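# Structure at a glance
So you can see what is in the structure, the chains are spelled out below.
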2 protein chains.
Amino acid sequence: MATVKEYKYSDIEIGTRESFEVSITTEMEEKFRSLTGDVNPMHCDDSFAKEMGGYSSHIVFGMMTASFISTLAGVYLPGKYSLIHSVEMGFTKPVFAGDVLTVTGECIDKQDGLNLIVLKVTIKNASQNTVSKGKMKIKVLL
Amino acid sequence: MATVKEYKYSDIEIGTRESFEVSITTEMEEKFRSLTGDVNPMHCDDSFAKEMGGYSSHIVFGMMTASFISTLAGVYLPGKYSLIHSVEMGFTKPVFAGDVLTVTGECIDKQDGLNLIVLKVTIKNASQNTVSKGKMKIKVLL
């Protein structure tokens, strides 16, 4: 398990960046399905995903991929003193079980007084294709 | 388990709306923590959440609350033929284990040709406070 970073607001500059890898497994898909109750066939039925989306198999829930930005904020940048204010994410390529994703956050803005940082978020697969990207605004509590 | 709705693009009008309830449990929090590896203390350590946030106890992961918009799209509106394109969510009030949330999506725009619908999303607790709100853009596959 990763050690929780402890960036304070004043430690973070435009350009401060953190990154980590996640290996996507079918167990994760099961957990997300059982947590959310999202039984949509695109995310469990290979033949439906082939027929309707032209994919080689079922694809991972976009919001499961997005859930790793919780980890980005809460463990990596800023880590301990994080409170997510808002998020924007787009899904650009499919993710499959077995993929190894790299989640990267980079500070692109700071709002002094409110102690808010804005992270640009990029999630890439092992072929360096961006599968999801967006921004999140985080309050840094210290 | 809810039956997966089967709205087609042409079935959906501006104002089409779906809603469902979710009871938030500590088991859900455990699942989300184990799925994401987000071990941030705000979401498991009551005394940290009191000290740093002034909350009565630890608060639920914002991105866990947001994960129910996967269910909104994939099961309720449009249901079977859903493919999420992008999401924007803001977190306005804390959520606690034991809360019963109502997740509502309402179609506020359609982009013909691309078969995209835009849902306004509102998540309220049992006191009718909005805990999270935003928008999602969804491709409807049929």
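Residues numbered from 1 in each chain as written. Chains lettered and ligands numbered in written order. Predicted model: local features only at pLDDT ≥ 70, side-chain atom pairs only at ≥ 80, totals over all residues. Heavy atoms only, no water.

## A few points about the overall build of chain A
Going by this rule: For helices the rule is a DSSP run of H or I covering at least 4 residues; for strands it is a run of E covering at least 2, with both sets numbered from the N terminus onward. Note on classification: 1.4 Å probe, protein chains only; a residue is buried when its accessible area is under 20% of the maximum for its type, exposed when over 50%, partly exposed between these limits. Any pair of residues with heavy atoms lying within 4.5 Å of one another is described as a contacting pair. In this description, accessible areas are obtained by the Shrake-Rupley approach with a 1.4 Å probe, and a residue is regarded as covered only by the protein chains that are shown. Counted charges follow a simple rule, with Lys and Arg positive, Asp and Glu negative, and His plus the chain ends left uncounted. To locate a charge, the coordinates of NZ of Lys, CZ of Arg, CG of Asp or CD of Glu are taken.
Each helix and strand in chain A was counted, giving 3 helices and 5 strands. Listing every helix and strand of chain A by position from the N terminus yields β-α-α-α-β-β-β-β. Taking the principal axes of its C-alpha atoms as reference, chain A extends roughly 50 × 30 × 25 Å. Residues counted as buried form 56% of the 142 residues belonging to chain A. Of the contacts made within chain A by residues no fewer than 6 positions apart, 67% connect residues no fewer than 24 positions apart. Accessible area for chain A stands at about 6,100 Å²; split by element, carbon and sulfur atoms hold 46% of it. Side chains of chain A carry 15 positive and 17 negative charges; the gap between the two charge centres is 6 Å.

## What about the packing of aromatic side chains?
Worth spelling out the cut-off: Pairing of aromatic side chains here covers Phe, Tyr and the six-membered ring of Trp, requires ring centres within 6.5 Å, and sorts the geometry by plane angle: under 30 degrees stacked, over 60 edge-to-face, intermediate tilted. By definition, being over a ring means that NZ of Lys or CZ of Arg is both within 6 Å of the ring centre and within 35 degrees of the ring normal.
The final tally for this structure, using the stated rule, is 6 aromatic pairs over all chains. Ring centres of Phe20 of chain A and Tyr76 of chain A lie 4.4 Å apart, and the angle between their planes is 0°; on these two criteria the pair is classed as stacked. Within this pair, whereas Phe20 of chain A is found in strand E1 (residues 17-23), its partner Tyr76 of chain A is found in helix H3 (residues 62-76), the two being separated by 56 residues in sequence. By relative accessible area, Phe20 of chain A is classed as buried at 8%. Given a relative accessible area of 15%, Tyr76 of chain A falls into the buried group. In this structure, Lys110 of chain B is placed above the aromatic ring of Tyr9 of chain B, and the distance from its NZ or CZ to the ring centre is 4.0 Å.

## Details of the packing of helix H1 (residues 26-36) of chain A against H3 of chain A
All names here are of chain A. To be explicit about the condition: Axes here mean lines fitted to C-alpha atoms, for a helix over just the part in contact, with angles spanning 0 to 180 degrees between N-to-C directions. When an angle is under 35 degrees it counts as roughly parallel; over 145 it counts as roughly antiparallel; between 65 and 115 it counts as roughly perpendicular; any other value is oblique. Polarity classes work like this: nonpolar for Ala, Val, Leu, Ile, Met, Phe, Trp, Tyr, Cys and Pro, charged for Asp, Glu, Lys and Arg, and polar for all others, with Gly in that last group.
Contact pair H1 / H3: the axes reach a minimum separation of 10 Å and the direction vectors enclose 100°. For the element pair H1 / H3, the angle class is roughly perpendicular. Across the interface between the two elements, Met28, Glu29 and Phe32 from H1 touch Met63, Met64 and Phe68 from H3. Tallied by class, residues from the contact of H1 with H3 come to 5 nonpolar, no polar and 1 charged.

## Topic: the interface of chain B and chain A
How big an interface is tends to be reported as the loss of accessible area on association of its parts. As a reminder, the rule being used: By convention, the term buried area covers the 1.4 Å-probe accessible surface removed from two parts as they join, with the contributions of both added. The rule for a salt bridge is simple: a side-chain nitrogen of Lys or Arg has to be within 4 Å of a carboxyl oxygen of Asp or Glu. Polar contact is defined as a pair of N or O atoms within 3.5 Å, subject to the rule that within protein one atom must be able to donate a hydrogen and the other to accept it, and that residues adjacent in sequence are counted only when both atoms are side-chain atoms. Should DSSP find at least two bridges between two strands, the strands are taken to pair.
Tallying the contact residues gives 44 residues for chain B and 44 residues for chain A. Note on chain B versus chain A: buried area summed over both sides is about 3,600 Å², and carbon and sulfur give 70% of it. Inspection of the region where chain B meets chain A yields 0 salt bridges. Between the two partners, chain B and chain A, sit 16 residue pairs in polar contact (both at pLDDT 80 or more). Of all the secondary structure elements, the ones that give two or more residues to the side of chain B that touches chain A are helix H1 (26-36), helix H2 (46-53), helix H3 (62-76) and strand E2 (82-91) of chain B. Both strand E2 (residues 82-91) of chain A and E2 of chain B contribute to a ladder of 5 bridges, which runs antiparallel.

## Here we look at the pattern of salt bridges
All names here are of chain A. A full pass over the atoms with the stated rule returns 6 salt bridges over all chains. Two residues, Glu18 and Lys5, come together in a salt bridge whose shortest N-O distance is 3.9 Å. With Glu18 in strand E1 and Lys5 in the segment before E1, this pair connects stretches of sequence that are 13 residues apart. The partly exposed category is assigned to Lys5, whose relative accessible area is 34%.

## Remarks on the relation of the copies chain B and chain A
Keep this limit in mind: Copy-to-copy alignment: least squares on C-alpha atoms, limited to residues at pLDDT 70 or above in both.
Mapping chain B onto chain A calls for a rotation angle of 180° and an axial translation of 0.0 Å; the resulting RMSD is 0.0 Å. On the angle and the small slide along the axis, the relation comes out as a two-fold axis. Residue Glu88 of chain B, judged by its C-alpha, is the member of chain B lying nearest the rotation axis, at 2.1 Å. Taken as a fraction of all interface residues of chain B, those also at the interface in chain A reach 100%, which identifies the copy contact as same-surface.

## A look at the sheet that holds strand E1 (residues 17-23) of chain B
Taken in spatial order, the 10 strands line up as E1(A)-E3(A)-E4(A)-E5(A)-E2(A)-E2(B)-E5(B)-E4(B)-E3(B)-E1(B) in an open sheet, and their pairing is antiparallel. Each edge of the open sheet carries a strand with a single partner, namely E1 of chain A together with E1 of chain B. Mean inter-strand twist for the sheet, computed between neighbouring axes without regard to direction, equals 20°. Set on the sheet, H3 of chain B makes contact with E2 of chain A together with E1, E2, strand E3 (100-111), strand E4 (116-124) and strand E5 (130-140) of chain B; between it and E2 of chain B the angle comes to about 150°.

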